[in-house]
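Topology and contacts: notes
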Amino acid sequence: MSESSCQVAAAVIENLRGEILLARRAEHLDQGGLWEFPGGKLEPGETVYQGLQRELQEELGITIRQAHPLIRIPWQYPTQHVLLDVWRVTAYDGEAHGAEGQPIAWVAQGALPQYPFPAANRAIVTAARLPHRYHITPDPGKPQAWPAFLQQLEQTLAGGARLIQLRAKALDEQQYAELAGEVLGRCRRYGAQCLLNAAAETVLALGADGVHLDSGRLRQTSRRPLPEQLWVAASCHTLAELRQAMAIGASFALMSPVKATASHPGVAGIGWEDFATMAEAAAIPLYALGGMEPGDEAEAWQHGGQGIAAIRALWG
């Protein structure tokens, strides 16, 4: 039997409460009874946006007003290669309903993993739960400098940061754990999640939301270091490192440097086109890091990224 291929447009539709719309597949269909993100196959000559607009009109009775690319997932079925082209829809006209008789549900982002999805949707579930900015803390300095650092953290969280990485390479394990406790407490108060750039054992001991593997720790990791319900992020600079991140089951990755940065003078960034090549090869969400500024999210989206990660530009 010859193999066919098709492109599918799918939507992560978000309401004003931040909930995500799911639809349940009819029982008589392949993978019937599972939940999925609305969408369908593109028709000849359609752009992804046109196909998505048509599918959501037919399935849900809504018209897209605001949307942007989220993630592209190549998926191999036994007799068909499928490219899932997923967009995040943040504004629409009409009241969403199961126009074809299918059950639908608005689901809190944190509850998405509790729903049964087709395997090809797993990376979409991850992308749907992640924000478009990943905030990395600057060096917090010695303990006497921590009050100012924590005050800046409060300002960053008050400004809407919802995904934080505590990066403090100069601290010893005891100091890092002490500071992490303070950071985690503040993140909890603001409903933000915090990943620790530390050993997985430290993450589990402190009850953090996940681990961030720098490229050195990534190369030494042969399997996923944390349970599935916790985040595993990885810093990558090459396609080989990105493949290693996917091999160990990382939730998402960072690719850097995209642009030249002040912290690495003389090191040229890979540029947006090479970033897009990396994103195309990734089966997981990918953030752009290196020289990023607020407002670069749109560029990252257009090149296949989840969004941007930064230290100085997003701090305080």
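Residues numbered from 1 in each chain as written. Predicted model: local features only at pLDDT ≥ 70, side-chain atom pairs only at ≥ 80, totals over all residues. Heavy atoms only, no water.

Brief notes about the overall build of the protein chain
Helices and strands together make up the secondary structure of the protein chain, namely nine helices and 15 strands. The C-alpha radius of gyration of the protein chain comes to 20 Å, within 12% of the 20 Å expected for a compact globule of 316 residues. With the principal axes as the frame, the protein chain shows a C-alpha extent of 60 × 40 × 35 Å. (Helix = DSSP H or I, 4+ residues; strand = E, 2+ residues; numbered from the N terminus. Rg over C-alpha atoms; globule rule 2.2 N^0.38 Å.)

Concerning the sheet that holds strand E2 (residues 20-24)
A sheet is described by the order of its strands in space; here three strands give the open sequence E3-E2-E7, paired in antiparallel fashion. The outermost strands of the open sheet, each flanked by one partner alone, are strand E3 (35-36) and strand E7 (104-107). With two bridges joining them, E2 and E3 adopt antiparallel strand pairing. Bridging from a neighbouring strand, arginine 24 pairs with tryptophan 35 of E3. (Pairing = 2+ DSSP bridges.)

Examining the sheet that holds strand E10 (residues 193-196)
Pairing is parallel in the closed barrel, where eight strands are placed in the order E8-E9-E10-E11-E12-E13-E14-E15. With direction set aside, neighbouring strand axes in the sheet form an average angle of 25 degrees. Relative to strand E15 (residues 307-310), strand E14 (residues 286-289) runs parallel, the two being bridged by three bridges. Residue leucine 289 lies in a different strand from E15, and its bridge partner there is alanine 309. (Axes fitted to C-alpha atoms, helices over the stretch in contact; angles between N-to-C directions.)

Focus: the side chain of asparagine 197
Mapping asparagine 197 onto the fold places it in the loop between E10 and helix H5 (200-206). In terms of polar contacts, asparagine 197 uses its side chain to reach the side chain of lysine 169, at 3.4 Å. (Polar contact = N/O pair within 3.5 Å; in protein donor to acceptor, adjacent residues only side chain to side chain.)

Digging into the pattern of salt bridges
Scanning the model with the defined rule gives 19 salt bridges in all. Arginine 189 is the salt-bridge partner of glutamate 154, the closest N and O atoms lying 3.0 Å from each other. Of this pair, glutamate 154 sits in helix H3 (residues 146-158) while arginine 189 sits in helix H4 (residues 173-189); the two residues are 35 residues apart in sequence, bridging distant segments of the chain. The salt bridge partner of aspartate 214 is lysine 169, with a shortest N-O separation of 2.4 Å. Taken together, the residues span a long stretch of sequence, with aspartate 214 in the loop between strand E11 (210-213) and helix H6 (215-219) and lysine 169 in the loop between strand E9 (163-166) and H4 at a distance of 45 residues. (Salt bridge = Lys/Arg side-chain N within 4 Å of Asp/Glu carboxyl O.)

Observations concerning the pairing of E15
In this structure, strand E8 (residues 133-136) lies alongside E15, joined through three bridges in parallel fashion. Residue histidine 135 lies in a different strand from E15, and its bridge partner there is alanine 310. Handedness of the E14-helix H9 (residues 297-302)-E15 crossover: right-handed. (Right-handed = clockwise from strand over helix to strand, strands pointing away.)

Side note on the environment of arginine 312
Of note, arginine 312 is situated in the segment after E15. Sequence separation between arginine 312 and glycine 291 is 21 residues, and the spatial gap between their C-alpha atoms is 9.4 Å.

Focus: unusual backbone geometry
Serine 256 connects to proline 257 through a cis peptide bond whose omega is -10 degrees. By secondary structure assignment, the location of proline 257 is in the loop between strand E13 (252-255) and helix H8 (271-281).

Quick word on the pairing of strand E5 (residues 63-76)
Direction of pairing for E5 relative to strand E6 (residues 80-93): antiparallel, over a ladder of twelve bridges. Note that in E6 the partner of arginine 72 across the bridge is aspartate 85. Hairpin connection of E5 to E6: three residues between the antiparallel strands.

Observations concerning the packing of aromatic side chains
On inspection of all chains with the given rule, the structure shows nine aromatic pairs. For the ring pair tyrosine 134 and tyrosine 287, a centre distance of 5.7 Å and an interplane angle of 40 degrees mean the geometry is tilted. Placement of tyrosine 134 in strand E8 and of tyrosine 287 in strand E14 is noted, with a sequence separation of 153 residues between them. Residue class for tyrosine 134 comes out buried when judged on its relative accessible area of 0%. Arranged with centres 5.5 Å apart and planes meeting at 85 degrees, the rings of tryptophan 272 and phenylalanine 275 form a pair that is edge-to-face. Of this pair, tryptophan 272 and phenylalanine 275 both sit in helix H8, three residues apart, roughly one helical turn. Each member of the pair tryptophan 272 and phenylalanine 275 is classed as buried. Taken together, Tyr134, Trp231, Phe252 and Tyr287 form an aromatic cluster joined through their ring pairs. (Phe/Tyr/Trp six-rings, centres within 6.5 Å; stacked < 30°, edge-to-face > 60°. Buried < 20%, exposed > 50% of the residue type's maximum accessible area, 1.4 Å probe, protein only.)

Remarks on helix H1 (residues 48-60)
Between its first and last C-alpha atoms H1 spans 17 Å; for 13 residues at 1.5 Å apiece the expected length is 18 Å, and the two agree. Turning to H1, its buried residues number three or more, namely Val48, Gly51, Leu52, Gln53, Arg54, Glu55, Leu56, Glu59 and Leu60. Contact partners of the buried residues in H1: strand E1 (4-13), E2, strand E4 (39-41), E5, E6 and E7. Immediately beyond the C-terminal end of H1, within one or two residues, lies glycine 61, with a positive phi of roughly 70 degrees. (Expected span 1.5 Å × (residues − 1). Contact = heavy atoms within 4.5 Å.)

Notes on the nonpolar core
Leu166, Val183 and Leu196 are the most contacted members of the largest nonpolar core, which has 52 residues in total. For this core, the leading source of residues is H4, giving six residues. Beyond its immediate stretch of four places on either side in the chain, leucine 166 contacts Thr137, Phe149, Tyr176, Leu179, Ala180, Val183, Cys194, Leu195, Leu196 and Asn197. Core analysis: the second largest hydrophobic core is formed by 25 residues, Val12, Ile71, Val82 and Ile124 among them. (Core = buried A, V, L, I, M, F, W, Y, C linked by side-chain atoms within 4.5 Å.)

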